[in-house]
Amino acid sequence: AIDYNTLGLPEAREHLSQMATNAIAANKTDKAVLELYDFAVQQMKEQLVKKEDTRHHAFLSSLYSAKGDYENALIEQKKALETSPKKQLLMFQVVASNIILGNFDEALPVAKRAYELAPEYMKAQAAYIYAATFAGETDIIEKITEDHPDVYLDDLVLSAFSTKKYHSGVFDLWKYRYGKD
């Protein structure tokens, strides 16, 4: 909990941010929730003035994402990625925000970078396929699924294929998951 005179502590601000993120994700219209959200955003911005830190950009990004403000979330995600350029989780968030905003061509190189850091990591494979599907890059999809067929087990792949109506991908996924019948 947040105690009197502790809001200057980074941990207290992080806790506040987590509470506000959960609250705004559940209810974007309640006046008290909106006030809590605004206060948490202000506190995280003040924390960033005191110390530029990947974690604080990530917390602020989560706040923005929970409210549906993906443009500001993406700004914070990119700042976090600048301070931790090999953090795949941040890359996945940048990819997701870009996809939501329709920036498919911006999502693809970030997804590729995450994949190249650890090609054996299924989440990186799935993120790359996700971005490639939205960018219409079927050659990338075919190469990754050929090299790593277990990626068909990741629901992000199914989501991308279904959303973009990539029917041959859905069919291949179905065959891999459930056999040839």
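Residues numbered from 1 in each chain as written. Predicted model: local features only at pLDDT ≥ 70, side-chain atom pairs only at ≥ 80, totals over all residues. Heavy atoms only, no water.

> Explanation requested: the overall build of the protein in the structure shown.
From N to C terminus, the protein includes 10 helices and 0 strands. Seen along its three principal axes, the alpha-carbon backbone of the protein occupies a region of about 65 × 35 × 25 Å. Within the protein, buried positions represent 41% of all 181 residues. Taking contacts inside the protein between residues at least 6 apart in sequence as the whole, the part at least 24 apart equals 49%. Each charge class in the protein was averaged separately, 21 positive and 27 negative side chains, and the resulting centres sit 2 Å apart. (Helix = DSSP H or I, 4+ residues; strand = E, 2+ residues; numbered from the N terminus. Buried < 20%, exposed > 50% of the residue type's maximum accessible area, 1.4 Å probe, protein only. Contact = heavy atoms within 4.5 Å. Lys, Arg positive; Asp, Glu negative; His and termini not counted. Charge placed at Lys NZ, Arg CZ, Asp CG, Glu CD.)

> How should the packing of aromatic side chains be read in this particular structure?
Aromatic rings in a pair are described by how distant their centres are and how their planes are angled relative to each other. Counted according to the given criterion, the structure contains 7 aromatic pairs. Relative to Phe 134, the ring of Tyr 130 lies with its centre 5.2 Å away and its plane at 65 degrees, an arrangement referred to as edge-to-face. Of this pair, Tyr 130 and Phe 134 are both found in helix H7 (residues 122-135), 4 residues apart, which corresponds to roughly one turn of the helix. Phe 134 matches Tyr 130 in its accessibility class, with the two residues each being buried. Ring pairing ties together the aromatic residues Phe 104, Tyr 130 and Phe 134, which thus form one cluster. (Phe/Tyr/Trp six-rings, centres within 6.5 Å; stacked < 30°, edge-to-face > 60°.)

> Just to check I follow, could you spell out the pattern of salt bridges for this structure?
Side chains that differ in sign of charge can pair as their charged atoms come close. This model, assessed by the stated rule, comprises 11 salt bridges. With a shortest N-O distance of 2.7 Å, Lys 143 and Asp 147 are connected by a salt bridge. Of this pair, Lys 143 and Asp 147 both sit in helix H8 (residues 138-147), 4 residues apart, which is roughly one turn of the helix. Since its relative accessible area comes to 48%, Lys 143 is described here as partly exposed. Look at Asp 147 and you get partly exposed, because its relative accessible area is 37%. Between Arg 177 and Asp 155 there is a salt bridge, with the nearest N and O atoms lying 3.1 Å from each other. With Arg 177 in helix H10 (residues 167-178) and Asp 155 in helix H9 (residues 155-163), this pair connects stretches of sequence that are 22 residues apart. When its relative accessible area of 52% is taken as the criterion, Asp 155 is described as exposed. (Salt bridge = Lys/Arg side-chain N within 4 Å of Asp/Glu carboxyl O.)

> Would you explain the nonpolar core in this entry?
The nonpolar side chains of a soluble globular protein tend to be buried, and buried together. Core analysis: the biggest nonpolar cluster contains 35 residues, and Val 95, Leu 108, Tyr 128, Ile 129, Val 157 and Phe 161 have the highest contact counts within it. A per-element tally of this core places H7 first, with 10 residues. Residue contacts for Phe 161: discarding those within four places in its chain leaves Ile 129, Thr 133, Ile 141, Tyr 152, Tyr 166, Gly 169, Val 170 and Leu 173. By size, the runner-up hydrophobic cluster in this structure holds 15 residues, among which are Ile 24, Ala 40, Leu 48 and Leu 60. (Core = buried A, V, L, I, M, F, W, Y, C linked by side-chain atoms within 4.5 Å.)

> Teacher, can you tell me more about the packing of helix H5 (residues 88-101) against helix H6 (residues 104-117) here?
Two packed helices can be described by the angle between their axes and the distance between those axes. Remark: H5 packs on H6, axes separated minimally by 8 Å, with the N-to-C direction vectors making an angle of 160 degrees. The angle between the axes of H5 and H6 places the two elements in the roughly antiparallel class. The two elements H5 and H6 meet at a crossing, and its hand is left-handed. Only Phe 104, Glu 106, Ala 107, Val 110, Ala 111, Arg 113, Ala 114 and Leu 117 of H6 make contact with H5, whose side of the interface consists of Gln 88, Met 91, Phe 92, Val 94, Val 95, Asn 98 and Ile 99. When its residues are assigned to classes, the contact of H5 with H6 shows 11 nonpolar, 2 polar and 2 charged. (Axes fitted to C-alpha atoms, helices over the stretch in contact; angles between N-to-C directions. Parallel < 35°, antiparallel > 145°, perpendicular 65-115°, else oblique. Left-handed = near helix turned anticlockwise from the far one by under 90°. Nonpolar A, V, L, I, M, F, W, Y, C, P; charged D, E, K, R; others polar.)

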